[in-house]
Amino acid sequence: MQITRGIKLLFLVSMVSIVASMFVGCAGNTSELVMGTNAEFPPFEYIGDDGQPDGFDVALVKEIARRMNVGVKIENMEFKSLIGSLANGKIDLIAAGMTVTEERKKEVDFSKTYFTANQMIIIPVGSEINSALDLKGMVVGVQEGTTGDIIVSEEDVDEKEYDVKEVKRYKKGIDAVMDLINGRVEAVVIDSNPAAEYVKSNEGKIVAIESGMEPEEYAIAVKKGNTKLLEKIDKALTEIKQDGTYDKLIKQYIQ
Ligand code: GLN
């Protein structure tokens, strides 16, 4: 008698924990959005003083989730792993200063855009590089898998516009900048806002110049076909822009 009760109890407890685990911290559940990011891209995402991810994208997704009445869990990973993690269901959305590109559109669905950025060229003070054309024959650092990487790598490009000597790919933009300061690369091509942050924290050593490359639009990405989530994100984004929350977040994190 006792044994059967014990077994029943054990069964009940394990069922409860199995069901509970289905709802906690896994992408696709309705009570929590799992945001994938690469917290190496200030001011959009970085690790704050308290050891937790913070930044414009983090605050934006928390605001979207609040309006959807769900929580947020953040999965921090390499930038180049984000799209794969979305496809295999590890995360529900990507918010990582991700630029909308035709190639990426084949793999993910993008929300309305929320920010316009440019590629900048960071160079050491005193460098002879004055424009993107001067990158010809240079060793250039980029963050792996980003638009900066794609543009200067010029794979499948017949007439190379930049024609760099070598592209060095880093997991973190800051590591590319450190190698620039140490003379291991001659320039770093990276998005405008992180470029400004890196220059600010290394004043007197490096400067950023315009690249003249096409402006880029950031958006949130969801798994291809997840229109249900996309519609909710777009609705929240529209509200956030209209009611002044967007401007507040820009002031708080970017200006
Ligand atoms: N905007 C760039 C891209 O989408 C860089 C993003 C990033 O490094 N987080 O590739």
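For the structure itself, look to the data block above.
Everything numeric here is computed off the predicted structure, so don't read it as measured data.

What counts and what doesn't
Residues numbered from 1 in each chain as written. Predicted model: local features only at pLDDT ≥ 70, side-chain atom pairs only at ≥ 80, totals over all residues. Heavy atoms only, no water. Helix = DSSP H or I, 4+ residues; strand = E, 2+ residues; numbered from the N terminus. Core = buried A, V, L, I, M, F, W, Y, C linked by side-chain atoms within 4.5 Å. Buried < 20%, exposed > 50% of the residue type's maximum accessible area, 1.4 Å probe, protein only. Contact = heavy atoms within 4.5 Å. Pairing = 2+ DSSP bridges. Phe/Tyr/Trp six-rings, centres within 6.5 Å; stacked < 30°, edge-to-face > 60°. Lys NZ or Arg CZ within 6 Å of the ring centre and 35° of its normal. Axes fitted to C-alpha atoms, helices over the stretch in contact; angles between N-to-C directions. Salt bridge = Lys/Arg side-chain N within 4 Å of Asp/Glu carboxyl O.

Participant: Is there a simple way to think about unusual backbone geometry in this case?
Facilitator: Trans is the common state for peptide bonds, and a negative phi is the common state for residues other than glycine. Note the cis peptide between Pro42 and Pro43, where omega equals 5°. Within the secondary structure layout, Pro43 lies in the loop between strand E2 (40-41) and strand E3 (45-47). The residue Glu154 is not glycine, and still its phi comes out positive at about 50°. As for its position among the elements, Glu154 is in the loop between helix H5 (147-153) and strand E10 (166-170).

Participant: So what exactly am I meant to see when it comes to the nonpolar core here?
Facilitator: Nonpolar side chains in soluble globular proteins generally cluster together in the buried interior. Of all hydrophobic cores here, the largest spans 31 residues; its most connected members are Phe56, Leu60, Ile64, Leu93, Tyr114 and Ile220. Looking at this core, the elements that each hand over two or more residues are strand E1 (32-37), helix H2 (56-67), strand E7 (108-117), strand E13 (216-223), helix H8 (227-242) and helix H9 (245-253). Of all the elements, H2 adds the most residues to this core, at seven residues. Setting aside anything within four residues of it in sequence, one finds Phe56 in contact with Pro43, Phe44, Tyr114, Tyr246, Leu249, Ile250, Tyr253 and Ile254. Formed by 16 residues, the second largest nonpolar core is a distinct cluster that contains Ile121, Ile123, Ala132 and Val142.

Participant: Sorry, what's going on with the sheet that holds E2 here?
Facilitator: A sheet is described by the order of its strands in space; here three strands give the open sequence E2-E3-E4, paired in antiparallel fashion. Bordering the open sheet on either side are E2 and strand E4 (53-54), each of which pairs with just one other strand. The pairing of E3 with E4 spans two bridges and is antiparallel. From the neighbouring strand, Tyr46 faces E4, where its bridge partner is Asp54.

Participant: It is not clear to me how the packing of aromatic side chains should be interpreted in this structure. Could you clarify?
Facilitator: The geometry of an aromatic ring pair is captured by two quantities: the separation of the ring centres and the angle between the planes. In total, this model carries nine aromatic pairs according to the counting rule given. Each ring, one from Phe44 and one from Phe56, has its centre 5.9 Å from the other, and the planes form 80°; the classification is edge-to-face. One end of the pair, Phe44, is in the loop between E2 and E3; the other, Phe56, is in helix H2, and 12 residues separate them in sequence. As far as the burial class goes, Phe44 and Phe56 line up, both buried. Feature note: the residues Phe41, Phe44, Phe56, Tyr114, Phe115, Tyr218 and Tyr246 constitute an aromatic cluster, connected by ring pairs. Taking NZ or CZ as reference, Lys241 lies 5.3 Å from the ring centre of Tyr246, over its face.

Participant: Explanation requested: the sheet that holds strand E5 (residues 71-76) in the structure shown.
Facilitator: The strands making up a sheet are joined through hydrogen bonds of the backbone, oriented either antiparallel or parallel. If you walk across this open sheet you meet the five strands as E5-E1-E6-E13-E7, and the pairing is mixed. The open sheet has two edge strands with one neighbour each: E5 and E7. Against the sheet, H8 engages E1, strand E6 (93-94), E7 and E13, with an angle of about 20° to E7.

Participant: Sorry if this is basic, but what is going on with the pairing of strand E8 (residues 119-124) here?
Facilitator: Look at any regular strand and the pattern is simple: side chains alternate between the two faces of the sheet. Burial analysis of E8 places five of its six residues in the buried class, the great majority of the element. Looking at chain direction, E8 and strand E11 (residues 187-191) are connected through four bridges and run antiparallel. When the sheet's bridge partners are listed, Ile121 is paired in E11 with Val189. Where E8 meets strand E12 (residues 206-210), five bridges bridge the pair, whose relative direction is antiparallel. Among the inter-strand pairings, Ile123 is bridged to a residue of E12, identified as Val207.

Participant: Is there a simple way to explain the pattern of salt bridges in this structure?
Facilitator: Two side chains bearing opposite charge may form a pair once their charged atoms approach each other closely. Under the defined criterion, the tally for this structure stands at 18 salt bridges. For Glu78, the salt bridge identified is with Lys80, shortest N-O distance 4.0 Å. Assessed through its relative accessible area of 30%, Glu78 is described here as partly exposed. Given the relative accessible area of 46%, Lys80 is considered partly exposed. Through salt bridges with shared partners, a single ionic network connects Glu63, Arg66, Arg67, Lys235, Glu239 and Asp243.

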